[in-house]
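Analysis of the macromolecular model
As a plain string of letters, each chain reads:
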Amino acid sequence: MRRIRPARAWASTRVGVALVALCLGGTATAETVVLDHVTLFDGTGRAPRADQSLVMTDGRITWVGPARRRPAPTGAIVTDLRGKFLMPGLIDSHVHLGLVDGVDQSFTRYYDRANVEQQLKLYAAYGVTSVYTLGTDGDLIHQVIADQRRIGRIDMARAYTAGRGVVYKGSYGGVPGLEQSVATPAEATAMVRRETAKGDDFVKLWMDDEFGTVARRMPYPVSRAVIDAAHAAGRKAAAHIFYYDNAAELTRQGVDVFMHQVRDRVADPALATAMKRRGTWQLASTLSREASFTYTLLPFVDEPFFARGVAPATIATLKSAERRQKLAASPLFPKYPPVLRNAMTSLAAEARAGVRYGMGTDSGPTARFPGYFAHWELELMVAAGLTPLQALTAATGTNAGFLRENESGVLRPGKWADLLVLDRDPTRDIRNTRAISAVYVAGRKVPTIWETCVGRAPDACGAAKP
Ligand SMILES: [Zn+2]
């Protein structure tokens, strides 16, 4: 069979139809899998439908619809999923890869291909089948991504990168050991040109001063240069923000997307209206990031769904009295409960006002755990006032729509079969996203977190799925 090239700019309509014709005709070598009689959420925001089927061939979805109408391709492997729930794999729109070993964080020591790919496998085990990595990548990310796109049928989460995000010299942002700061608008323009030429999918900038503990924030002429250079290179510009005033001005400057919420106060109708008018997205609200800073001991440290994704030595470190005392003594510790409340209220206000919002965690830096945090983020989005269906749509179809070329996130012919199969319906209880039955990346099952674990042999993973 002719192999369909996994081109990034997948022309879904025409190529999708051709693919359906090719596959339903039944060829000797095509691998066709049918998931039958399942309740299905397609990622578009439509309510789930009962008794649906999905057909996938060679890793791509070829047909979705009512089970009674499904085609019967010859040689297909049919799996009866009666009682199960099927949805697109989750997309986490804000992660950082390869920065830690346990809770020790160091780009210089730990950022290598093995660590990056190990984390991408961990995301996939948690049902997060794509991640957007937000501005702390070394150049090797471009090789990882080029290989993913060449291979197509990978066994880990798909990565999309902002490469090296732009940091204003002496200000907040980036990671030690990665050269990524600029001092002038001209330097910003040159950096964005240089980095997008390496293959960045989008561009990131930081505008923050860590509660005023850092002397300077990125000045507006520099952010304008970053945004304009990104657009000139055909890329979207994403911003780390904290302050309301910065969000308002960056919206005026034409930034495409915010990767955190407004947190110094609450986003008001004026900001939401401006964001809507300019088409600015709130792609990540990172509620799990802010929530994690309100604890000296994460409240779920003994939950099997969390603990299986974290090495036992790391859990021991998290529980240690020394670490808990150190966190409690930090002058920033008391600042986070109101920051979390502001972020949650801002998200709810923007959602009510009709701003487009996605799901993103800022997981990857120390003690912000890949995979688990996406499930916690969904739970916090619902606690903030969204319905489970709204939170799930943010994490699938909406996140996918941020990158025009994205090939997953909705269950439609032509898209990669990146799928999450659950034992229970998450639109009834958002915590049901944890009842993972199977994860497919490009039509192949990958080990779920209930079948594997970190830092232990598979037969020593601890408690199994409840
Ligand atoms: Zn981040």
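Preceding this paragraph is the structure being described.
Residues numbered from 1 in each chain as written. Predicted model: local features only at pLDDT ≥ 70, side-chain atom pairs only at ≥ 80, totals over all residues.

What follows is about the sheet that holds strand β6 (residues 90–95). Judged by pairing direction, the sheet is parallel, and its three strands sit side by side in the order β6-β9-β10 without closing on themselves. Unpaired on one side and paired on the other, β6 and β10 (158–161) mark the two borders of the sheet. Between one strand and the next, the sheet's axes are offset by a mean angle of 20°, whatever the strand orientation. The sheet contact formed by β6 and strand β9 (residues 128–133) spans four bridges and is parallel. When the sheet's bridge partners are listed, Asp92 is paired in β9 with Val131. Lying over the sheet, helix α4 (residues 140–151) contacts β9 and β10, oriented at roughly 135° with respect to β10. (Pairing = 2+ DSSP bridges. Helix = DSSP H or I, 4+ residues; strand = E, 2+ residues; numbered from the N terminus. Axes fitted to C-alpha atoms, helices over the stretch in contact; angles between N-to-C directions. Contact = placed C-beta atoms within 7 Å.)

With 18 residues, helix α13 (residues 336–353) ought to run about 26 Å at 1.5 Å a step, and its terminal C-alpha atoms sit 25 Å apart, in line with that. All of the buried residues in α13 are Tyr336, Val339, Leu340, Asn342, Ala343, Met344, Ser346, Leu347, Ala349, Glu350 and Ala351. Where α13 is buried, its residues touch α8 (269–278), β16 (281–282), α9 (287–292), α14 (372–383) and α15 (388–402). Gly354 sits one or two positions beyond α13 and adopts a positive phi of about 95°. (Expected span 1.5 Å × (residues − 1). Buried ≥ 20, exposed ≤ 12 C-beta atoms within 10 Å, placed from the backbone.)

As a further point, take the pairing of strand β5 (residues 85–88). Alignment of strand β1 (residues 32–40) against β5, held across two bridges, turns out to be parallel. Across the sheet, Thr39 pairs through a bridge with Phe85, a residue of β5. One ladder, built from four bridges, connects β5 with strand β17 (residues 419–422); its direction is antiparallel. In the strand pairing of β17, Pro88 is matched with Leu419.

Let us look at the nonpolar core. Residues Leu86, Ala124, Val226, Ala239 and Met381 are the most contacted members of the largest nonpolar core, which totals 133 residues. For this core, the leading source of residues is α13, giving eight residues. Mapping this core onto the domain boundaries places at least three of its residues in each of domain 1 (12–88 + 411–460) and domain 2 (90–402). Not counting the four nearest positions on each side in its chain, Ala239 is found in contact with Leu205, Met207, Leu250, Val255, Phe258 and Met259. (Core = buried A, V, L, I, M, F, W, Y, C linked by C-beta atoms within 7 Å. Domains from an automatic or database assignment.)

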